[in-house]
Amino acid sequence: MLRFLILVVLFWTSLFSSEIERYRWINGETYLVFLEKNNLPTKELYYNLDRDDQRLTEELLTGVHYQVSKNSKGQIEQVLLPLNDELQIHIYKENEKYKFEAIPIITTTQTETFSVVITSSPLYNIQKETGSKKLAHIFHSSFKNSLNFKTGIKPGDTLVMIYEQKYRLGKTFSMPVLKAAMVELSGKKHYLYLNNDEKYYDEKGSQAEEFLLGRPVSGARLSSTFTKRRFHPVLKKWKAHLGVDYAARPGTPVMAAGDGFINYAANAGSYGNLIRISHADGFETRYAHLKSFKSGVKKGRNVKKGQVIAYVGNTGRSTGPHLHFELRKKGVAINPLTVVQVATVNLSGKEKAAFDSLRKEYNDSIDAHLNNKPEYVKARKTRPKCYFFNEPEPQNLEETEADG
Ligand SMILES: [Zn+2]
């Protein structure tokens, strides 16, 4: 803890005595190229790192915004490279030497709401109103399996969207999370709510669409869960585990989690024997440390949900026979356990009662917004917070973009 506090103070001081520049991670750039381009030492900042830290550097995603601070001579003092919405790489100087560490990202979260009159489609009208493709897409994809927007919209139909938005350094950060939504089709209201179990339900408490298997190997034990950041108590370092592990006997069949096509089936270094399957809507599943592939399974082949594709093994960087299973959407790792559960659930009993009271709260909020018709606030003022401090920055408030 003391080390963190010292770091906080050092970072805080140096942050405001030097220039901070903000960049976008460009398509196809690798971490090593980034180091070389900026004259940063590849030995200290990559080759000397352990395998876990090296693997973290492969998580950098196109389009992410990162910060570089330089001293008055233009030399890099610190770099912050977000890996997901919770963990970032921190490159910094200590005794004239560059150091690497993975540290948590500090964000603030705001719940935001707006309503829009639909003239064309929710997708079009949300984007026109907010300027945000992300918000439009999230709304559209949440309802699209249950509602037909093409034929159902009539003049006067309205929608309300309640969502959480994270802010980092005063700017919107990461994907917004839809909390509740209402959309009218020919005057009939349809609702969707994010329940406390992290799944979406309609107004009757039936779980909304899911199309992937939650558990692609049967008879296995969940041995490690998904985490975007975790402090390793022994190594005293921040790490990530961007999938779930299922311990199972070697040779246990592994199934495709959903319909799709195999885009990779070969050895992949620390992943060992790896299969990657592309699914609809930009989803991809990964199956690692496999003993072998089922015959006929290779790149380019189509697979069906539940089809056996491979066998559990211990290849690559693995400490025992298990399946390492990942789910990604457009490259971003998401927790398979919260998103991919098999759709069976109709809430009942205590769970239904808890859901109903949550639903009532959201409905009150939606009704209030329907009556007041608040517009989307384009430039929201937030106080930037610093990485370790929960203190507002003493300088001017910063304008934020509608879509970061
Ligand atoms: Zn794993």
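This section reports on the structure supplied with the text. Every value quoted in this text rests on a predicted model; they were computed, and no experiment measured them.

Structural notes on the environment of aspartate 202
Then, in step 1: One can find aspartate 202 in the loop between β10 (200–201) and β11 (221–224).
Then, in step 2: Here the alpha-carbon distance between aspartate 202 and phenylalanine 143, two residues 59 residues apart in the chain, equals 9.8 Å.

Brief notes about the pairing of strand β21 (residues 308–311)
Then, in step 1: Looking at chain direction, strand β15 (residues 253–255) and β21 are connected through three bridges and run antiparallel. Looking across to β21, one finds that valine 254 is bridged to alanine 310.
Then, in step 2: Summarising the sheet, strand β19 (residues 292–293) and β21 pair through two bridges and their orientation is antiparallel. In the strand pairing of β21, serine 292 is matched with tyrosine 311.

A closer look at the nonpolar core
One recurring pattern in soluble globular proteins: nonpolar side chains tend to sit buried together.
Then, in step 1: If you look at the biggest cluster of nonpolar residues, it comprises 45 residues, and the most contacted ones within it are Val254, Ile275, Tyr287, Leu290 and Leu323.
Then, in step 2: If one sorts the elements of this core by residue count, strand β4 (residues 87–94) sits on top with four residues.
Then, in step 3: Taken domain by domain, the makeup of this core includes at least three residues from each of domain 1 (2–105) and domain 3 (221–339).
Then, in step 4: Discounting chain neighbours no more than four positions away, the residues touching leucine 290 are Val254, Gly272, Asn273, Leu274, Ile275, Ala310, Tyr311, Val312, Gly313 and Thr315.
Then, in step 5: Membership of the second largest hydrophobic core comes to 24 residues, among which are Ile126, Leu135, Met161 and Tyr200.

Topic: the sheet that holds strand β6 (residues 108–117)
Then, in step 1: Reading across from one edge, β6-β7-β8-β9-β10 is the order of the five strands in this open sheet, with antiparallel pairing throughout. Looking at strand neighbours, the two that pair on one side only are β6 and β10, the edges of this open sheet.
Then, in step 2: Pairing of strand β9 (residues 188–194) with β10, which is carried by two bridges, proceeds in the antiparallel orientation. Across the sheet, residue tyrosine 193 finds its bridge partner in β10, namely tyrosine 201.
Then, in step 3: Taken strand by strand, helix α5 (residues 122–130) contacts β6, β7 (158–168) and β8 (171–185), and its axis lies near 120° from that of β6.

Each value, and the rule that gives it
Residues numbered from 1 in each chain as written. Predicted model: local features only at pLDDT ≥ 70, side-chain atom pairs only at ≥ 80, totals over all residues. Helix = DSSP H or I, 4+ residues; strand = E, 2+ residues; numbered from the N terminus. Pairing = 2+ DSSP bridges. Core = buried A, V, L, I, M, F, W, Y, C linked by C-beta atoms within 7 Å. Buried ≥ 20, exposed ≤ 12 C-beta atoms within 10 Å, placed from the backbone. Domains from an automatic or database assignment. Contact = placed C-beta atoms within 7 Å. Axes fitted to C-alpha atoms, helices over the stretch in contact; angles between N-to-C directions.

Everything listed is a geometric property; what it means functionally is a separate question.
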